[in-house]
Amino acid sequence: MTIAVFLLSLLGAMAIGIPIAFSLLLCGVALMWHLDMFDAQILAQNLINGADSFPLLAVPFFMLAGEIMNTGGLSKRIVDLALTLVGHVRGGLGYVAIVAACVLSALSGSAVADAAALSALLIPMMVAAGHDKARSGGLIAAAGVIGPIIPPSIGFVIFGVAANLSISKLFLAGIFPGILIAGALWATWWWQVRKENIVPPPRRSRGEVWAAFREAGWALMLPLIILVGLRFGVFTPTEAAVVAAVYSLFVAVVIYRELKPSEIYGVFVTAARTTGVVMFLVAAALVSAWLITVADLPGKVVGLLEPFIGSPILLMVMIMLLVIVVGTAMDMTPTILILTPVLMPVVKAAGIDPIYFGVLFIINNSIGLVTPPVGTVLNVVAGVARIRMDDVIRGVWPFMLAEFAMMFLMVAFPALVIWPARLLYG
């Protein structure tokens, strides 16, 4: 009965158009009534405590860093560097998008920010070169979801807080899987453009490549600083977010001089608005998470999934299928916040490495950003590049399926995630 109350109250509120954050609060109220423990003070206290978390401070700073990078020219220089390296091969602009997405993901950690930057910079170039606009938009959307996988990652921060896991370990564990997802996109793009008769631009000279490296050098230093700092314990993930924001602001204003002092206020306001939405969502979700624990909902879910607990791989397959279904209708952040407290006890009962599960869970949620009908990143690409939503969906299917195939390969062979992760964080 408790599971029914939880699902019906949450899904019913969302079905009538109530925003997700308020739906989560209504779900919490419904659970309190069902448990005969309604108290407005408990509700308010848990709402405040939900956002009162030091690790969550990483979210606004990473979002600010992403806004600064897109406005201050860091993203543009990363794309220019990728263009000089692989732009001359057949279908080179697609490879540029994949390489740039990997580098940008190590700067901002936001799929939406990366997809917006890549759409604005690359889709006009890809269309002018003769590539199909829908296919180009689909590739950009699929490449954008690498953002929450390769560190730093806002998704890992939120999951780490919700699951009480080391965010630094999650960051380091996401590097190799992110590269594998990029490899899947690379192979899919190669297959799709192998028969195209588009003449690529000439290979850039060594001087031009070196000039592009020099221009992008300041931007490329940021992921190196963050990863080295995390690996050797120089700073925490939250402090890394502050470093990213301050460093990107310094480079954009002082070095590249593309962000004018008069524009800084606008960048801060944009980042603050986005942060406000995310943090209210986190606070509301943690109210429901507390009540989920009180109602012993995880124990009931463990009972339902008990037939699969003896086979960790089969259990992971079932969980991944569940997340895929949820991801078609819900955005990444609420999915993480709702499912994490329910699934973590199941994962621990099956003896699955929580860090490994966290990486696969975030990968699945990231791909959910391009699964229709919701697909936040699909909407971003369609809006920025002025492509019909139907065309973007048509273009993203091959790449989305390739990402899911790689994800299930990691489910079948956990060593693809676990060994590189342990090599990095010891």
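Cut-offs used in this document
- Residues numbered from 1 in each chain as written.
- Predicted model: local features only at pLDDT ≥ 70, side-chain atom pairs only at ≥ 80, totals over all residues.
- Heavy atoms only, no water.
- Helix = DSSP H or I, 4+ residues; strand = E, 2+ residues; numbered from the N terminus.
- Rg over C-alpha atoms; globule rule 2.2 N^0.38 Å.
- Buried < 20%, exposed > 50% of the residue type's maximum accessible area, 1.4 Å probe, protein only.
- Contact = heavy atoms within 4.5 Å.
- 1 Å grid on protein atoms, 1.4 Å probe; cavity = no way out; pocket = protein on both sides within 12 Å on 5 of 7 lines; lining within 4 Å.
- Points joined across faces, edges and corners; volume = space filled by probe spheres on them.
- Nonpolar A, V, L, I, M, F, W, Y, C, P; charged D, E, K, R; others polar.
- Core = buried A, V, L, I, M, F, W, Y, C linked by side-chain atoms within 4.5 Å.
- Expected span 1.5 Å × (residues − 1).
- Patch = residues over 30% accessible without salt bridge, like charges linked within 9 Å, V, L, I, M, F, W, Y side chains within 5 Å.
- Areas by Shrake-Rupley, 256 points an atom, 1.4 Å probe, with all protein chains shown as cover.
- Salt bridge = Lys/Arg side-chain N within 4 Å of Asp/Glu carboxyl O.

(A) The arrangement of the overall build of the protein in detail. Of regular secondary structure, the protein possesses 21 helices and zero strands. For a compact globule of 426 residues, the expected C-alpha radius of gyration is about 22 Å, and the protein comes in at 21 Å, within 12% of that figure. In terms of overall dimensions, the protein has a C-alpha envelope of 70 × 45 × 45 Å along the principal axes. When burial is assessed residue by residue, the protein has 55% of its 426 residues classed as buried. Relative to all contacts within the protein whose residues are 6 or more apart in sequence, the contacts with residues 24 or more apart total 79%.

(B) Spatial organisation of empty space enclosed by the protein. Applying the stated criterion to the full structure yields one cavity of 30 Å³ or more. Taken as a whole, the largest cavity encloses approximately 30 Å³ of empty space. Secondary-structure elements contributing two or more residues to the lining of the largest cavity are α16 (312–327) and α18 (354–367). Class assignment of the residues belonging to the lining of the largest cavity gives a composition of four nonpolar, four polar and one charged.

(C) Quick look at the nonpolar core. Counting residues in hydrophobic clusters, the biggest one holds 149 residues, and the most contacted among them are V59, F159, F357, L360 and V370. Considering each element in turn, this core owes the most residues, 11 residues, to helix α20 (residues 389–412).

(D) Broad picture of helix α11 (residues 175–193). The end-to-end C-alpha distance of α11, which contains 19 residues, comes to 27 Å, matching closely the 27 Å that a straight helix rising 1.5 Å per residue would cover. Looking at α11, one finds that the buried residues are I175, P177, G178, L180, I181, A182, A184, L185, T188, W189 and V193.

(E) Fine view of a nonpolar patch on the surface. Where nonpolar side chains cluster on the molecular surface, the patch consists of M221, L224, V228, F232 and V234 and spans about 510 Å² of accessible area. For F232, a relative accessible area of 62% translates into the label exposed.

(F) Main features of α16. Its 16 residues give α16 an end-to-end C-alpha distance of 22 Å, which sits within 8% of 22 Å, the value for a rise of 1.5 Å per residue. Burial in α16 covers these residues: L315, M316, I319, M320, V323, I324 and G327.

(G) Layout of the environment of L139. Examined against the element boundaries, L139 turns out to sit in helix α8 (residues 133–144). Look at L139 and you get buried, because its relative accessible area is 0%. Sequence spacing of L139 and V396 is 257 residues, and the spatial spacing of their C-alpha atoms is 6.1 Å. Apart from residues lying up to four places away in sequence, L139 is in contact with G94, A97, I98, M126, W189 and F399.

(H) Molecular detail of the pattern of salt bridges. Scanning the model with the defined rule gives seven salt bridges in all. Here R422 makes a salt bridge to D353, at a shortest N to O gap of 3.3 Å. Taken together, the residues span a long stretch of sequence, with R422 in helix α21 (residues 415–425) and D353 in the loop between α17 (332–349) and α18 at a distance of 69 residues. You can call D353 buried: its relative accessible area is 19%. One salt bridge in this structure joins R388 and D391, with 3.5 Å as the shortest N-O distance. Here the residues in one salt-bridge network are R388, D390, D391 and R394, joined through shared partners.

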